[in-house]
Every structure is written in structure tokens, then in C-alpha cells.
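# What the coordinates show
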Amino acid sequence: MVTAFGRQLKLLRVRAGLERPEFGKRLGYSADTVASIEQGRRIPQPRFIDKADEVLRAGGLLTALKEEVGRAQYPAFFRDMARLEASAVGLCVYATHAVPGLLQTEDYARAVFQMQRPLLEDDVIEQRLAARLMRQDIFTRRPAPLLSFIIEEVVLRKPIGGRGTLRGQAEQILLVGQNRNVEIQVMPTDREDHAGLGGPFTLIDNADERRLAYTEVQDDSRLYTDSGKVRELEARYGILRSQALTPCESLTFIEELLGEK
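Everything in this summary refers to the structure shown in the same document. Just so we're clear, the structure is a prediction, and the values are computed from it rather than from any experiment.

Cut-off values and rules
Residues numbered from 1 in each chain as written. Predicted model: local features only at pLDDT ≥ 70, side-chain atom pairs only at ≥ 80, totals over all residues. Heavy atoms only, no water. Pairing = 2+ DSSP bridges. Helix = DSSP H or I, 4+ residues; strand = E, 2+ residues; numbered from the N terminus. Axes fitted to C-alpha atoms, helices over the stretch in contact; angles between N-to-C directions. Contact = heavy atoms within 4.5 Å. 1 Å grid on protein atoms, 1.4 Å probe; cavity = no way out; pocket = protein on both sides within 12 Å on 5 of 7 lines; lining within 4 Å. Points joined across faces, edges and corners; volume = space filled by probe spheres on them. Nonpolar A, V, L, I, M, F, W, Y, C, P; charged D, E, K, R; others polar. Buried < 20%, exposed > 50% of the residue type's maximum accessible area, 1.4 Å probe, protein only. Salt bridge = Lys/Arg side-chain N within 4 Å of Asp/Glu carboxyl O.

We now examine the sheet that holds strand β4 (residues 201-205). One open sheet accounts for six strands, arranged β3-β2-β1-β4-β5-β6; its pairing is mixed. Only two strands of the sheet have a single partner each, and these edge strands are β3 (182-187) and β6 (220-224). Across the sheet, the mean angle separating the axes of adjacent strands is 10° when strand polarity is ignored. Alignment of β4 against strand β5 (residues 211-217), held across four bridges, turns out to be antiparallel. Each residue of the ladder has a partner; that of Asp-205, found in β5, is Arg-211. With respect to the sheet, helix α11 (residues 227-243) is in contact with β1 (90-95), β2 (146-152), β3, β4, β5 and β6, its orientation differing from that of β4 by roughly 110°.

Structure, rendered in C-alpha cells:
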């Protein structure tokens, strides 16, 4: 899709009689950036697409591709989940290794991407960072989706990006946890009974009143639509909620963690 968009952009630019430097100047981008987008080496941001459509008088031809181009900002294994998440009416997220992407601060998310191996190119990091932060529009969407997060205590103590970044991340979780449609629970490390040893997963409620499940490990993902498997994970999440601290207890726990830092 990114390559096809780039070709279409170039055709429209040439038809308009604009050289890359002039076209880039009108959009507020360099000629090199325009070239990278036309050659499919860089994913255009929504603002670029809107402005390009306007300058080239494309009549919505480019903006019509914005959603599909936007999904290309995500790694291939996450694109189906990104599409479902964008229209979900409810999410239940169990996190074991890092703070869930929907809750991450910019500094924390950047640190997560910088730690990936093999190393990501700087422009890829910035693209994925922008895409991750854009997903957080879910907190201001109306009608508001119901969002539940269960986070392992060890995640909240893991200093990804440094102590300052971790502190800012804890503050962000507290802030988001004040929303009436959001419940955040902490799973204490000292729990003897623990239903989540099978790893992290997400339950997705869509507008068709259907529940799906998503799992991800080592840059590989799986989307479950089979009712039997989904019910199994539903039951597991219910047990995890009963084993974790309540939402009120969890926010108090995070406040106490901040006091230790």
C-alpha cells in the first residue's frame, strides 16, 4: 500500500507540473522527504496526505487511502489488531513484559522501540512511535469504550528508559486510571495463585457484539475467533481480575511506588 500510494502521489505531482523541491515547499517538507514517500521508503503522516491532496487538487483520491496507509505504520504482525482496536467498544488487556502500548508515554514507548533487536532504523522508530501515540485517541473517543488493564507488578518496577522515564510512566497510568471508562489493576508478584502463566493476551469486543482474542509473542501474533478458545481466555481474564488488586487498591499501590522512587 505504501508503494502504491507513493506511485500515485508521483503521478499526481508530475501531472500538476511540480518538481519535488517546489511541491515539498508548498507542503512544508523537504524534497528528500517527498522522494522517500514517492519511492515507498517512508510512510506519510496524515497531515502530509491531507495537504498533498489539497495542493494537487486530487479531489480526495489521496485522503481516501489515509486509513490503509496509516495501518502500514504498524509492523505486519500487529495490523489486524490495530484495525480491530480502532473500532472496539471494549478491550481487556493483560500485560506481563511491558506497559501496554495504549498506556505508554512517548519517552517510554521510544525506549521500548530503541531496545528492539535487530535494531530498528531511526525513521522506523519515529513512524512506530507516532502510530502508537495515535492509538491513544481511544481514550477520548465517543462513545467511550470500556477498557480494562491488568499489569504485572514487575512491569511497573522495570526501569525501561531509566528511572525518570519509569516515573513519568507511572504518573501517566495514574492519570489514565482516573477515567470512568478505564479500570487498571495490578497483579502483585507475591500472589501464590496466578491464572496468567500462559502469557499476555487481549480480549476485543467489537461493535457487532462479538468478542475476539489476540496474543503476541516474539513478533508473532494470532487472532482467535473460535468461540471455544475465546471463552477459555475470557474465563482466564475473569480469574486474573479476582486475583489482582482492585482498581482502587491498584492506583494506591502505584502511588506508593512513586513514593519509593
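Further remarks concern the layout of surface pockets. Taken as a whole, the largest pocket holds about 1,400 Å³ of empty space. Lining the largest pocket are 47 residues, with Phe-77, His-97, Pro-200, Glu-216 and Val-217 sitting closest to its centre. Secondary-structure elements contributing two or more residues to the lining of the largest pocket are α6 (79-87), β1, α7 (106-114), α8 (122-135), β4, β5, β6 and α11. In terms of residue class, the lining of the largest pocket is built from 24 nonpolar, 12 polar and 11 charged. Space inside the second largest pocket adds up to approximately 410 Å³. In terms of lining, the second largest pocket is formed by 16 residues, of which the most central are Tyr-74, Ala-82, Ala-86, Met-134 and Arg-135. Looking at the lining of the second largest pocket, the elements that each hand over two or more residues are α5 (66-71), α6 and α8.

Most of β2 sits inside the fold, with six of its seven residues counted as buried. Of the pairings in the sheet, the one linking β1 to β2 comprises six bridges and is parallel in character. Residue Tyr-94 lies in a different strand from β2, and its bridge partner there is Ile-150. By the bridge criterion, six bridges tie β2 to β3 in an arrangement that is parallel. Within the sheet, the bridge partner assigned to Glu-152 lies in β3 and is Met-187.

Close approach of charged atoms allows side chains with opposite charge to pair. Under the defined criterion, the tally for this structure stands at 15 salt bridges. Note that Glu-106 and Arg-110 form a salt bridge whose closest N and O atoms lie 3.5 Å from each other. Here Arg-110 and Glu-106 lie together in helix α7, a separation of four residues that amounts to about one turn. Take Arg-110: its relative accessible area is 21%, and that puts it in the partly exposed class. Salt bridges here are not isolated pairs; linked through shared partners, they connect Arg-13, Arg-20 and Glu-38.

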